[in-house]
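Reading the structure
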Amino acid sequence: MARVEVADHAGACFGVERALKLVRELRAQGDGALSTLGPLIHNPRVVAELEADGVRAVAGLGDVEGGTLVLRTHGVEPAVEREACARGLSVVDATCPFVKRVHKSVALLAEQGYGVVVVGDAAHPEVQAIVGYAPGAVVVAHAAELDALTLPSRVGVVAQTTLIKAQLDEVLAALTGRVRELRVFCTICQATAERQQAAVELAGRADAMVVLGGRNSANTAHLASLCAAQCARTFHVESPDELDASSLAGCELVGVTAGASTPAAQIAELVSALEELA
Ligand code: SF4
């Protein structure tokens, strides 16, 4: 029978727990419409539960029907926050303090005349919000993308909080020697770094690795790719139903980790299901 082991630091991070608590408290107060700008966290099951409890995830400000608007952990561009206030909405900011720190860092770099480079996924809402604090900033995911850019002599760098550190190192190595002055704020959050290290360590010992979390979650996708590099039998799932006994056939150790938007209850549910399957 296979053993199931959960990696250290798996699951919901400080910023996600904080945002969920805030929204649940607002819901409990129960006065008026409550919306989040985009899904509160990148976990479709949690977002569906919130929706059933009357918390609407809206795509844009035009979809908000008054009441209270919660800004999610990823943060928003300052212009969006200003517009929400101008529309008379009661705005509650659930942006993770670690993301706020990135906003302050890029604003400072821009103010001091650095060309700002954000290392991350340009399509991710966290990165789009960061760029809002330093208009003109460029976003690169990999060093090769720097080749097409004309860089100023002074460059300041920040990273998306959930980035894989090797990706940041690759970009920094490419910038070194290309610019006269390079200033780096290492903004990968500690929770991400710890979760990734523990997942890689477990994946190196496991016969199969199950990574639990939303497919729209960047940090969960990063975990899955790091685990896959160590353990060929890596599965990224949103729910235990996606696995069957054949997935784990012949395994002695099944490792589990979970993205920063995955609550402890979902991890416990997965572990029970895996123990039954194994
Ligand atoms: S992963 Fe880090 S930066 Fe992102 S919400 Fe969690 S604690 Fe905050």
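Calculation notes
Residues numbered from 1 in each chain as written. Predicted model: local features only at pLDDT ≥ 70, side-chain atom pairs only at ≥ 80, totals over all residues. Heavy atoms only, no water. Helix = DSSP H or I, 4+ residues; strand = E, 2+ residues; numbered from the N terminus. Rg over C-alpha atoms; globule rule 2.2 N^0.38 Å. Buried < 20%, exposed > 50% of the residue type's maximum accessible area, 1.4 Å probe, protein only. Contact = heavy atoms within 4.5 Å. Areas by Shrake-Rupley, 256 points an atom, 1.4 Å probe, with all protein chains shown as cover. Lys, Arg positive; Asp, Glu negative; His and termini not counted. Charge placed at Lys NZ, Arg CZ, Asp CG, Glu CD. Pairing = 2+ DSSP bridges. Arc of directions from axis to C-beta. Disulfide = S-S within 2.5 Å. Axes fitted to C-alpha atoms, helices over the stretch in contact; angles between N-to-C directions. Near = heavy atom within 4 Å. Nonpolar A, V, L, I, M, F, W, Y, C, P; charged D, E, K, R; others polar. Domains from an automatic or database assignment. Buried area = accessible area lost by both parts, 1.4 Å probe. Salt bridge = Lys/Arg side-chain N within 4 Å of Asp/Glu carboxyl O. Polar contact = N/O pair within 3.5 Å; in protein donor to acceptor, adjacent residues only side chain to side chain.

Scanning the chain for helices and strands turns up nine helices and 12 strands. Its C-alpha atoms give the chain a radius of gyration of 20 Å, within 12% of the compact-globule value 19 Å for 278 residues. If you line up the chain on its principal axes, its C-alpha atoms span 60 × 55 × 25 Å. The buried share of the chain, taken over its 278 residues, is 50%. For the chain, restricting intrachain contacts to residue pairs at least 6 apart in sequence, the fraction spanning at least 24 positions comes to 71%. Of the roughly 12300 Å² of accessible surface on the chain, 52% is carried by carbon and sulfur atoms. Of the side chains in the chain, 22 bear a positive and 33 a negative charge, and the two mean positions are spaced by 8 Å.

Both faces of the sheet carry side chains from a regular strand, because those side chains alternate between them. The buried count for strand S8 (residues 154-159) comes to five of six residues, which makes it a mostly enclosed element. For strand S6 (residues 115-119) and S8, the ladder comprises five bridges, and the chain directions are parallel. Across the sheet, Val118 pairs through a bridge with Val158, a residue of S8. With four bridges connecting them, S8 and strand S9 (residues 181-184) associate as parallel partners.

All right, on to helix H2 (residues 44-52) then. When H2 is considered as a whole, its buried residues turn out to be Val46, Val47 and Leu50. Buried residues of H2, seen end-on, are gathered within an arc of 100 degrees and therefore sit on one face of the element. Along its buried surface, H2 packs onto helix H1 (14-29), strand S3 (55-58) and helix H9 (264-277). Just downstream of H2, Gly54 is the residue with a positive phi angle, here 95 degrees.

Let us now look at the state of the cysteines. With the rule as written, the count across this model stands at zero disulfides. Of all cysteine sulfurs in the structure, the one in Cys189 sits closest to Cys186, which takes part in no disulfide; the separation is 11 Å. Classification of Cys186 as exposed rests on a relative accessible area of 53%.

Turning next to the sheet that holds S6. Read from one edge of the open sheet, four strands run S7-S6-S8-S9, paired in parallel fashion. At either end of the open sheet lies a strand with only one pairing partner, and these are strand S7 (138-140) and S9. Taken pair by pair, the neighbouring strands of this sheet meet at an average axis angle of 25 degrees, ignoring direction. Pairing geometry for S6 and S7, over three bridges, is parallel. Each residue of the ladder has a partner; that of Val119, found in S7, is Val140.

The set of residues buried in helix H5 (residues 125-132) consists of Pro125, Glu126, Val127, Ala129 and Ile130. Residues of H5 that are buried sit in contact with helix H4 (97-111), S6, S7 and S8.

A few words now on the site of the ligand. Surrounding the ligand, one finds Cys13, Gly15, Cys96, Phe98, Val99, Thr161, Cys189 and Thr192. Across the shell around the ligand, the residue classes tally to five nonpolar, three polar and no charged.

In this structure, His9 takes a positive phi of about 65 degrees despite not being glycine. Following the sequence through the fold, His9 ends up in the loop between strand S1 (3-6) and H1. You can call His9 partly exposed: its relative accessible area is 44%.

Let us look at the environment of Asn43. One can find Asn43 in the loop between strand S2 (34-37) and H2. Residues Asn43 and Gly88 lie 45 residues apart in sequence; the distance between their C-alpha atoms is 29 Å. Not counting residues up to four positions away in its chain, the partners in contact with Asn43 are Asn216, Ser261, Thr262, Pro263 and Gln266.

Below, the discussion takes up the domain arrangement of the chain. Splitting the chain by domain gives domain 1 (3-12 + 191-277), domain 2 (14-97) and domain 3 (98-188). Here domain 2 and domain 3 have C-alpha centroids that lie 27 Å from each other. Taken together, the contact between domain 2 and domain 3 spans 14 residues of the former and 12 residues of the latter. Surface buried jointly by domain 2 and domain 3 totals about 1000 Å² across both partners, of which 63% is contributed by carbon and sulfur atoms. It is His74, Pro78 and Pro97 in domain 2 that bury the most area against domain 3; as a group they hold 42% of the surface buried on that side. The tally of links between domain 2 and domain 3 comes to one salt bridge. For Asp93, the salt bridge identified is with Lys100, shortest N-O distance 3.1 Å. The tally of links between domain 2 and domain 3 comes to seven residue pairs in polar contact (both at pLDDT 80 or more). In the side of domain 2 that touches domain 3, the residues fall into five nonpolar, five polar and four charged.

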